[in-house]
Amino acid sequence: MLYPKQTVTRTLEDFSGLWKFKVEKGKVDPATQLTNPQLVAVPASFNDQVFNKKVRNHVGYFWYETTFNIPNEQAVKRNVLHFGAVTQNCEVYVNGQLVGSHIGGYTPFEFEISSYIKAGRNDLKLRVNNLLDNTTIPSAHQESVDGHIKQQNRFDFFNYAGINRPVKLYTTALTYIDDVHINYKVTDNQTTVSPAIKINGDYDRVQLTILDEDDQEVASGNEHGQLIIAATHRWQPLAAYLYRLNINVYNKGNLVDSYTKEFGVRTIKVKDHQIFINDQPFYFQGFGWHEDSLAHGGGLNLPQVVMDLNIMKSMGANSFRTSHYPYAEETMRLADHLGFVVIDEVPAVGLYESFAVTLDNNVHAGKTWEDLHPAKNHKAALAEMIDRDCDHPSVIMWSLANEPASQEKGAHEYFRRIVEYAKKLDPQRRPVTIVNIMAADADKDLVGDLVDVICLNRYYGWYIDFGDLSKAQADLTAELKKWHQKFPDKPIIFTEFGADTIAGMHSAQREPYSEEYQVDYYKANFAIFDKFDFVQGEQLWNFADFVTEPGMIRIGGENRKGIFTRNRLPKEIVQSLKQRWLKK
Ligand code: GCB
């Protein structure tokens, strides 16, 4: 699927603005107007906008409605309605008729609506739900209590829902470019680009041109040939360089479709417990992050994204993980432009039925892989993420899950299939990882052999060895040695480590929750990482405090492990972190 753009052959309309919104109570007829709706902004989650606790926490169905006008000359074109993401699942109605539905809250989908619209005023309605269960990703336990759905999410971030990303209507002619993937091979300085282009409709000629950042043509050809960039300017971490592939499709001498896609050229290799980008070893400095901001909830807040990446850059960060779902396409495009290195994560978070079984003597106990059935949705989300993101030079690794029960019986078989599927889908065959949970240490984990890079979420000094940093260092060291012994050639990246810290809380004894403890916690962890050359990265948890479901340790409804507060005020750790990273 292509990112919607206006070109010489395509029009584009953005449906951002105020929409009608209503929680579903009883049956709604999609052919009639919503009664007593309220207005909410799109794109954004509805939850915090409505300022009503009951609606904010509603689990179930809700409706959105807007109208749009189609000029006469547009009604004869091919009209496509594109959704950046609707969280979690939705049905789309145009003029009262169902045009399609989508499952999954973090990837784009689109429907051709030409036969449902008319010149003049049209009605658009979405029936959305935020329902998760044992078959979905993210995963949740769902039950019905007194006729109400009760949902216990198996993750801590708030399940912000609604039309979280932009809705756009674009048109094409009846002949159109349906999809483009930019495959390339680079040897020394020369890049051979072999684009995979899908065109529907009648055409007799395709003209491809590659332009550099100065708008100079560097290669050209047709859709069957290979395009050679003779002197390649590589995309480098924090030194991005983007080419543009322009595709013009002609029929009987007329230009019928035109589309331009950006791409970067770089190589990735994992070897000798290191990760190489363009044959240079790359050490990850950065963060786990969330799409989470005031009023927008989990909805796209582009100025916030720009600000966050600039803050990260100013601190010497070079990377982030899209914990725990694919982020907005706009964010990925920005990462390409800024040279951020991204671990792109599918929303497979919470594939862990019960933490209680961890205490069982039988290390492989637990029935996650028997009782949960996420494979179908997991694969669908993976396919959508890889299709959307595989041409982003910033994406250097796929994360196939966050903290699944990888120590439980059945994990290896489940993930063997997921890994094979991801490798098959990605033309670049990028490295993959499965982000590991503490309960599945090197002795218990069953999936480490399947991944290219070992990614660990570790909380020594917080959830384990709370307040005892010497013990934390000893335990961390012991665990690291075991991982390295088991997989000597695999690099290890810490994709999470952190301590809840209340901004402004100080402690003369440097106790947990104080800003002083956060400084000591990170110092203690860094001291161990620096001892082992197979540790190839540190991504702190989290960039900023974020909103969670209520919980005893979620003070004020937030996870406080941010090194910034939710409104981006720095905690004490920021200065020393900056010194460490800018020096490295
Ligand atoms: C984790 C999860 C992350 C949580 C974090 C925490 O391991 O991956 O989503 O927010 O722990 O702070 O508890």
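Reading the values: rules and limits
Residue numbering note: each chain is counted from 1, following its sequence as written. With pLDDT at 70 or above as the cut-off, local features in this predicted model cover only qualifying residues; side-chain atom pairs require 80 or more to be listed or tallied, and sums for whole chains, interfaces and linings still use all residues. As a rule here, side-chain values come from all non-hydrogen atoms in the structure, and water together with hydrogens is ignored. Any Phe, Tyr or Trp ring, taking Trp's six-membered ring, that has another such ring centre within 6.5 Å forms a pair; planes under 30 degrees apart are called stacked, those over 60 apart edge-to-face, and the others tilted. Numbering of helices and strands runs from the N terminus, with a helix taken as a DSSP run of H or I at least four residues long and a strand as a DSSP run of E at least two residues long. Under the scheme applied here, a residue whose accessible area is under 20% of the maximum for its type counts as buried, over 50% as exposed, and between as partly exposed, the area being computed with a 1.4 Å probe on protein chains only. The rule for a charge over a ring is simple: NZ of Lys or CZ of Arg within 6 Å of the ring centre, and within 35 degrees of the ring normal. Whenever a carboxyl oxygen of Asp or Glu lies within 4 Å of a side-chain nitrogen of Lys or Arg, that contact is scored as a salt bridge. Here, proximity means that at least one heavy atom of the residue falls within 4 Å of the molecule or strand. In protein, a polar contact means a hydrogen-donor-capable atom and an acceptor-capable atom, both N or O and within 3.5 Å, with residues adjacent in sequence counting only if both atoms are side-chain atoms; elsewhere, any N or O pair within 3.5 Å suffices. Residue exposure ignores everything except the shown protein chains as possible cover, and the areas themselves are Shrake-Rupley values with a 1.4 Å probe. In this classification, the charged set is Asp, Glu, Lys and Arg, the nonpolar set is Ala, Val, Leu, Ile, Met, Phe, Trp, Tyr, Cys and Pro, and all remaining amino acids, among them Gly, are polar. Two strands are counted as paired when DSSP detects at least two bridges linking them. Fitting a line to C-alpha atoms yields each axis, with helices limited to the stretch in contact; the angle taken between N-to-C directions then spans 0 to 180 degrees.

Engineer: Which residues make up the packing of aromatic side chains, and what values do they have?
Structural biologist: If you walk through the whole model with that rule in mind, you get 43 aromatic pairs. Plain terms: the ring middles of Phe21 and Tyr64 are 5.3 Å apart, the flat faces sit at 65° to each other, and that makes the pair edge-to-face. With a gap of 43 residues between them, Phe21 in strand S2 (residues 17-23) and Tyr64 in strand S4 (residues 61-70) connect regions that are remote in the sequence. Each of the two residues, Phe21 as well as Tyr64, counts as buried. Following the ring pairs from residue to residue traces out a cluster consisting of Tyr106, Phe155, Phe157, Phe287, Trp289, Phe320, Tyr325, Tyr327, Phe340, Phe543, Phe564 and Trp581. The ring of Phe158 has Arg56 lying over it, and the distance from NZ or CZ to the ring centre is 4.2 Å. The ring of Tyr176 is capped by Arg78, whose NZ or CZ atom sits 3.3 Å from the centre of that ring.

Engineer: Any details on the pattern of salt bridges? Residues and values, ideally.
Structural biologist: Counted by the stated rule, this structure contains 36 salt bridges. With its nearest N and O atoms 2.7 Å apart, the salt bridge here joins Arg127 to Glu24. Taken together, the residues Arg127 in strand S9 (residues 120-129) and Glu24 in the loop between S2 and strand S3 (38-42) connect sequence positions 103 residues apart. Lys269 is paired through a salt bridge with Asp279; the nearest N and O atoms lie 3.4 Å apart.

Engineer: I'd love a proper account of the site of the ligand, names of residues and values included.
Structural biologist: In the region of the ligand, 13 residues are neighbours, and His324, Glu403, Tyr463, Glu496 and Lys561 sit closest. In this structure, His324 approaches the ligand through a side-chain N or O atom, which is 2.6 Å from an oxygen atom. At 2.9 Å, a side-chain N or O of Asn402 approaches an oxygen atom of the ligand. Within the complex, 90% of the 320 Å² of free accessible area of the ligand lies under protein. By residue class, the composition of the shell around the ligand is four nonpolar, four polar and five charged.

Engineer: Give a description of the sheet that holds strand S8 (residues 109-112) that names residues and reports values.
Structural biologist: Pairing is antiparallel in the open sheet, where four strands are placed in the order S1-S12-S5-S8. At either end of the open sheet lies a strand with only one pairing partner, and these are strand S1 (11-14) and S8. In this sheet, adjacent strand axes meet at a mean angle of 20° when their direction is disregarded. As judged from the four bridges shared by S1 and strand S12 (residues 167-172), these two strands associate in the antiparallel manner. Across the sheet, the residue bridging to Thr11 is Thr171, located in S12.

So far we have only geometry, and geometry alone does not tell us how the molecule works.
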